[in-house]
Amino acid sequence: RWGFPGSFAVLRFEDGTMTFEASGPLRELDPLGPLDEVAIDLPPRVAPYASYGAAVDWRSVTVPPHFPAVADMAQQVGRQAPIGEVDGVVMVGPRAAAAVVGMLGGVELPAWDLQLTEDNTVRYITVDQYYEFPDAEEQGERKDLLGDLAEEVADRLTEVDLPGFAALRDRFGPL
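Quick caveat: nothing in here was measured; it's all calculated off a predicted structure. (Residues numbered from 1 in each chain as written. Predicted model: local features only at pLDDT ≥ 70, side-chain atom pairs only at ≥ 80, totals over all residues. Heavy atoms only, no water.)

Where helix α2 (residues 94-103) meets helix α3 (residues 121-132), the closest approach of the two axes is 8 Å, and the angle between their N-to-C directions is 140 degrees. In terms of their interaxial angle, α2 and α3 are classed as oblique. You can see that α2 and α3 cross each other, and the crossing is right-handed. Across the interface between the two elements, P94, R95, A97, A98 and V101 of α2 pack against T121, V122, I125 and T126 of α3. Partitioning the contact of α2 with α3 into residue classes produces 6 nonpolar, 2 polar and 1 charged. (Axes fitted to C-alpha atoms, helices over the stretch in contact; angles between N-to-C directions. Helix = DSSP H or I, 4+ residues; strand = E, 2+ residues; numbered from the N terminus. Parallel < 35°, antiparallel > 145°, perpendicular 65-115°, else oblique. Left-handed = near helix turned anticlockwise from the far one by under 90°. Contact = heavy atoms within 4.5 Å. Nonpolar A, V, L, I, M, F, W, Y, C, P; charged D, E, K, R; others polar.)

Right, let's talk about the pattern of salt bridges for a bit. The final tally for this structure, using the stated rule, is 5 salt bridges. For the salt bridge of R12 with E21, the shortest nitrogen-to-oxygen distance reads 2.5 Å. Of the charged contacts, one joins D170 and R169 as a salt bridge, the two residues approaching to 3.2 Å between their closest N and O atoms. Judged by its relative accessible area of 44%, R169 is partly exposed. (Salt bridge = Lys/Arg side-chain N within 4 Å of Asp/Glu carboxyl O. Buried < 20%, exposed > 50% of the residue type's maximum accessible area, 1.4 Å probe, protein only.)

Moving on: the nonpolar core. In terms of nonpolar packing, the biggest core is built from 16 residues, with L29, I40, W58, V61, M73 and V77 touching the most fellow members. The contact partners of M73, leaving out residues within four places of it in the chain, are I40, L42, P43, V46, A54, A55 and V61. Within the second largest apolar cluster, 13 residues are counted, among which are L104, L114, F133 and V153. (Core = buried A, V, L, I, M, F, W, Y, C linked by side-chain atoms within 4.5 Å.)

So, on to the confidence of the model for the chain. In this model, the chain carries a mean pLDDT of 86, and residues with pLDDT of at least 70 account for 95%. Per-residue pLDDT, averaged within each element of the chain, yields its smallest value for strand β2 (residues 17-25) (80) and its largest for strand β4 (residues 114-116) (97). (pLDDT = per-residue confidence, 0-100.)

To continue, consider the packing of aromatic side chains. Under the counting rule described, the total for this entry stands at 2 aromatic pairs. Judged by centre distance (6.3 Å) and plane angle (40 degrees), the ring pair of Y49 and Y52 falls under tilted. Taken together, a centroid distance of 6.2 Å and an interplanar angle of 75 degrees make the contact between W112 and F133 edge-to-face. Within this pair, whereas W112 is found in the loop between β3 (107-109) and β4, its partner F133 is found in the loop between α3 and α4 (139-159), the two being separated by 21 residues in sequence. (Phe/Tyr/Trp six-rings, centres within 6.5 Å; stacked < 30°, edge-to-face > 60°.)

This is the structure in structure tokens:
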């Protein structure tokens with residue numbers, strides 16, 4: 001919410017194990033040509049946002065301010081994208097991303113000279129990345145960095161022993 005999704009990740013949860021299958025810029029999910037809007041059943045809470053393109057492309061799916069409706073739309077749009085059927089949708093906003101980074105003890109990308117901590121992640125995601133790559137011709141580089149960051153976090157999440165449910169609830173519940 002409060003922005004458009006710039007990237008995606010495909011996670012699989014099976015028999016208590018999470019695997020990271022793919023990630024990339026959102027443009028990789030766009031089908032060839034416009035979405036088939038006739039095949040999309042607009043949830044009531046999305047209908048008022050149809051004129052903002054909520055059923056036109058992936059970047060606009062998050063326009064409605066109601067996450068269950070956004071998840072419904074993502075599942076429907078997923079059927080028309082290369083990823084196919086989507087069983088569930090997770091949204092990770094800047095504060096939740098910072099909590100994940102904190103849970104991992106920080107994330108470092110030496111190739112980008114970037115070190116994120118729980119304390120600096122929100123600012124980096126919402127402000128600093130845009131100062132670091134201010135020009136239009138640098139946006140591909142910025143998105144590559146974010147893709148590398150997503151892959152590093154996903155890889156680390158598949159390797160770390162996560163705390164129990166109560167600890168996860170306490171960390172992420174308020175977010």
